[in-house]
Amino acid sequence: MSSKNAIILAAGKGTRMKSKLYKVLHRVCGKTMVDHVLTQVQAADMDNIVTVVGFGADAVKEELGNRTKYVVQEKQLGTGNAVLQAESLLGDLDGVTIVVSGDTPLFTTKTFENLISYHQNKKAAVTILTSKAPDPTGYGRIIRNDLGIVEKIVEQKDATETEQRIDEINTGVYAFDNRLLFSALHKITNNNAQGEYYLTDVIEILKNEGQTIAAYRMNDFYESMGVNDRVALAQANKIMRKRINEEHMRNGVSMINPEDTYIDYGVEIGSDTVIEPGVQLKGKTVIGSDCYIGANSEIRNSVIHDNVTVTSSLIEDSEMMDHSDIGPNSHLRPHAVIGKHVHLGNFVEVKKAEIGEGTKVGHLTYVGNAKLGRNINVGCGVVFVNYDGAKKHETDVGDDSFIGSNSNLIAPLKVSDHSFIAAGSTITDQVNKYDMAIARSRQTNKPGYFKKLPYQKD
Ligand code: UD1
Ligand code: MG
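No experiment lies behind these values; they were computed from the predicted model shown.

S.K.: Would you mind going over the coordination of the magnesium ion (ligand 2) with me for this structure?
M.R.: Six octahedral donors at a metal ideally form angles of 90 or 180 degrees, and four tetrahedral donors ideally form angles of 109.5 degrees. Around the magnesium ion (ligand 2), the protein contributes the donor atoms Asp103 (OD) and Asn228 (OD1), which lie 2.2 to 2.3 Å from the metal centre. One end of the pair, aspartate 103, is in the loop between strand S6 (94–101) and helix H5 (109–122); the other, asparagine 228, is in the loop between strand S11 (213–217) and helix H9 (230–250), and 125 residues separate them in sequence. What makes asparagine 228 partly exposed here is its relative accessible area of 22%.

S.K.: Would you mind going over H9 with me for this structure?
M.R.: Owing to its 3.6 residues per turn, the α-helix aligns residues three or four sequence positions apart on the same side. Helix length check: H9 (21 residues) gives 30 Å between terminal C-alpha atoms against 30 Å at 1.5 Å per residue, within 8%. Along H9, the residues classified as buried are Ala232, Leu233, Ala236, Asn237, Met240, Arg241, Ile244, Asn245 and His248. Structurally, H9 contributes buried residues whose contacts are with strand S2 (27–28), helix H1 (33–42), strand S12 (254–255), strand S13 (262–263) and strand S14 (268–269). The N-cap of H9, judged by a side-chain oxygen 3.2 Å from the amide nitrogen of valine 231 a few residues on, is aspartate 229. Glycine 252 lies just past H9 and shows a positive phi near 100 degrees.

S.K.: What is the right way to look at the layout of surface pockets in this model?
M.R.: If a probe as big as a water molecule is rolled over the atoms, it shows which places are left empty. Approximately 1100 Å³ is the volume attributed to the largest pocket. As for the largest pocket, its lining consists of 38 residues, and the residues nearest its centre are Arg16, Lys23, Thr79, Glu196 and Asn228. Elements supplying a minimum of two residues to the lining of the largest pocket: strand S1 (2–10), helix H3 (79–84) and strand S10 (168–177). Per-element tally for the lining of the largest pocket: the top contributor is S10, with four residues. Its residues placed into classes, the lining of the largest pocket shows eleven nonpolar, 20 polar and seven charged. Taken together, 15 residues form the lining of the second largest pocket, with Asp135, Thr137, Tyr139, Ala232 and Gln235 sitting closest to its centre. When the residues that make up the lining of the second largest pocket are grouped by side-chain class, the tally is seven nonpolar, five polar and three charged.

S.K.: Any chance you could explain the nonpolar core here in plain terms?
M.R.: It is characteristic of soluble globular proteins that their nonpolar side chains tend to be buried jointly. Grouped together as the largest cluster of nonpolar side chains are 60 residues, with contacts concentrated most on Leu344 and Val350. A domain-level breakdown of this core finds at least three residues from each of domain 1 (2–224) and domain 2 (311–437). Ignoring anything within four residues of it in the chain, the contact list for valine 350 reads His331, Leu332, Arg333, Ala336, Ile338, Leu344, Ile355 and Val367. Residues Leu90, Ala125, Val126 and Ile213 belong to the second largest nonpolar core, which totals 31 residues.

S.K.: For this particular structure, what's the right way to read the domain arrangement of the protein chain?
M.R.: In many analyses, interface size is given as the accessible surface area lost on bringing the parts together. Here the domain parsing of the protein chain yields domain 1 (2–224) and domain 2 (311–437). Here domain 1 and domain 2 have C-alpha centroids that lie 56 Å from each other.

S.K.: Explanation requested: a nonpolar patch on the surface in the structure shown.
M.R.: Nonpolar side chains collect at one region of the surface, where Phe402, Phe420, Met436 and Ile438 lie side by side and expose about 370 Å² of accessible area between them. Its place among the elements puts methionine 436 in strand S37 (residues 436–437).

S.K.: Sorry if this is basic, but what is going on with the site of ligand 1 here?
M.R.: Around ligand 1 lies a shell of 24 residues, among which Gln73, Gly78, Thr79, Glu155 and Asn170 are the nearest. Leucine 9 places a main-chain nitrogen or oxygen 2.9 Å from an oxygen atom of ligand 1. Between ligand 1 and asparagine 228, the relevant distance is 3.2 Å, taken from an oxygen atom to a side-chain nitrogen or oxygen of the residue. Relative to its unbound accessible surface of 760 Å², ligand 1 loses 91% to contact with the protein.

S.K.: Which parts of the structure should I look at to understand the packing of aromatic side chains?
M.R.: Any two aromatic rings considered together are summarised by their centre-to-centre distance and by the angle between their planes. Under the counting rule described, the total for this entry stands at six aromatic pairs. An angle of 35 degrees between the planes, with centres 5.7 Å apart, marks the rings of phenylalanine 107 and phenylalanine 112 as tilted. Grouping residues by exposure puts phenylalanine 107 and phenylalanine 112 together as buried. One aromatic cluster in this structure is built from Tyr139, Phe221 and Tyr222. Across the ring face of tyrosine 387, the terminal group of lysine 392 is positioned such that the distance to the ring centre comes to 4.9 Å.

S.K.: Mind showing me how you'd approach the pairing of strand S4 (residues 48–53) here?
M.R.: Regular strands place side chains that alternate from one sheet face to the opposite one. Taking burial as the measure, the six residues of S4 include six buried ones, the bulk of the element. Residues Asn48, Val50 and Val52 line one face of S4 and the alternating positions Ile49, Thr51 and Val53 line the opposite face, and both faces are buried. For S1 and S4, the ladder comprises six bridges, and the chain directions are parallel. Counted as the bridge partner of isoleucine 7 is valine 50 from S4. In terms of strand pairing, S4 meets strand S5 (residues 69–72) through four bridges, oriented parallel. Bridge pairing links valine 52 to valine 71 in S5.

S.K.: Explain helix H8 (residues 201–208) to me, please; I cannot follow it from the model alone.
M.R.: Of all the positions in H8, only Val202, Ile203, Ile205 and Leu206 are classed as buried. The buried side chains of H8 occupy one side of the element, clustering within an arc of 165 degrees when seen end-on. In this structure, the buried residues of H8 make contact with strand S7 (126–132), strand S9 (150–154), S10, helix H7 (178–185) and S11. Phi turns positive one or two residues past the end of H8, at glycine 210, with a value near 85 degrees.

S.K.: Sorry, what's going on with the side chain of arginine 141 here?
M.R.: Following the sequence through the fold, arginine 141 ends up in strand S8 (residues 141–144). Of the side chains with opposite charge, aspartate 135 lies nearest to the buried arginine 141, which makes no salt bridge, at 6.2 Å. Only 2.8 Å separates the side chain of arginine 141 from the side chain of glutamine 156, close enough to count as a polar contact. In terms of polar contacts, arginine 141 uses its side chain to reach the backbone carbonyl oxygen of glutamine 164, at 3.0 Å.

S.K.: So what exactly am I meant to see when it comes to the pattern of salt bridges here?
M.R.: Side-chain pairs of opposite charge can arise whenever the charged atoms involved come near each other. Going through the model one piece at a time under the given rule, you end up with 16 salt bridges. The residue lysine 31 makes a salt bridge to aspartate 35 at a minimum N-O spacing of 3.7 Å. Comparing lysine 31 with aspartate 35, the two get one shared label, buried. A cluster of three or more residues bridged by salt bridges with shared partners is formed by Lys282, Glu298, Arg300 and Glu316.

Reading the values: the criteria
- Residues numbered from 1 in each chain as written.
- Chains lettered and ligands numbered in written order.
- Predicted model: local features only at pLDDT ≥ 70, side-chain atom pairs only at ≥ 80, totals over all residues.
- Heavy atoms only, no water.
- Donors = N, O, S within 2.8 Å, 3.2 Å for Na, K, Ca; no water.
- Helix = DSSP H or I, 4+ residues; strand = E, 2+ residues; numbered from the N terminus.
- Buried < 20%, exposed > 50% of the residue type's maximum accessible area, 1.4 Å probe, protein only.
- Expected span 1.5 Å × (residues − 1).
- Contact = heavy atoms within 4.5 Å.
- Polar contact = N/O pair within 3.5 Å; in protein donor to acceptor, adjacent residues only side chain to side chain.
- 1 Å grid on protein atoms, 1.4 Å probe; cavity = no way out; pocket = protein on both sides within 12 Å on 5 of 7 lines; lining within 4 Å.
- Points joined across faces, edges and corners; volume = space filled by probe spheres on them.
- Nonpolar A, V, L, I, M, F, W, Y, C, P; charged D, E, K, R; others polar.
- Core = buried A, V, L, I, M, F, W, Y, C linked by side-chain atoms within 4.5 Å.
- Domains from an automatic or database assignment.
- Patch = residues over 30% accessible without salt bridge, like charges linked within 9 Å, V, L, I, M, F, W, Y side chains within 5 Å.
- Areas by Shrake-Rupley, 256 points an atom, 1.4 Å probe, with all protein chains shown as cover.
- Salt bridge = Lys/Arg side-chain N within 4 Å of Asp/Glu carboxyl O.
- Near = heavy atom within 4 Å.
- Phe/Tyr/Trp six-rings, centres within 6.5 Å; stacked < 30°, edge-to-face > 60°.
- Lys NZ or Arg CZ within 6 Å of the ring centre and 35° of its normal.
- Pairing = 2+ DSSP bridges.
- Arc of directions from axis to C-beta.
- Lys, Arg positive; Asp, Glu negative; His and termini not counted.

Take a look at the structure:
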């Protein structure tokens, strides 16, 4: 039976990245490059996907999990040697095998599918996916004869000056007849400028054996971009960002300046939401409909429901319910759950706290390790004192209570519903229903004292 297989090359160190992180684990719009490649390959409905790992093997395996099989390339002897490692899993199969590099994050499923059907129509031994590069430097060049038939691929470092002028490049993606691929791989040598076993040499070997070599040229060079250094990484991010933003806009999201809006792959946004410049939406974030996300806000791994307003604020691992609002300059730290119609104003920090429907926390307040009920008014400059230097403690504030400005609520503490805390109080003991708690020293007035001051004026 004819099988459809994919090999993803991800064993290289990525020396040109000058990084502690293995190249294929660098991120493009929040997702590692190799994960982008695997996601697109998976959607092309493969019978087998094999990822070749070497440098950082454990980290790559942890990243991709059981969505692919793995083989290990012990020494990074070149792309040809890398593909050969997959022989133990694929060697006995009839069918087609595509090879893709883990450092080409912009390829789409559609392109893989087009390549495979072109390859099958041509009944070729190998079909090289090529494109025309505005600047081909660094890529392997496609060498065609006078009839336009592909003869071989020459790597940048092995190319003559004339060959270097060729702008048709090898994208690093190929469709092979599976059996011919592995038989040719046993014949390649490392007799070249880099002393490596090049996968690209398979082309010339098959050609010399009289096999059909095809080339499928894609129009969009940028989709095929290989990322070998940080300059290309930034460029790949820019291209992916544009793709992501355009898709959201087509789905009804407004962006004031899409060139300056940073949305990770996989973020969801409802229609009629407006996103201002400088916004960053990261990780597993979901934004509802009719929201307004103001300039320079950053939202990470959070769920924002419908009709929410976020003004220049930072939100991490938190949730905001319908019609709530926050900012400017406020911060939801992990595990803040903000109820419906809650208002969080300027310079408010909330951490590991639940705030009930309709409650208002207007200004300069810290709420940590707390549960607040509904319709509470928290004044300006209130501190939920949650830490005793060793442990965190909880504060519970009941519905409809009033916390006066500049109060300290020292946890562990229970403030019942319908209670009132006078401004400037430091509260250490439970406050009961309908009580007013006042905990501050009494005011003393000294009559005529002003006149005794040395700098007194009449
Ligand atoms: C390769 C191609 C080049 C093509 C370019 C497209 C070869 C010899 N050259 O060059 O023709 O234009 O991609 O982007 O194939 N890898 C391994 N084991 C190794 C070496 C590399 O797994 O021993 C992996 C790397 O992790 C990477 C991929 O193979 O994901 C490509 O390797 P890289 O060094 O980036 O090749 P390029 O120089 O870009
Ligand atoms: Mg590369």
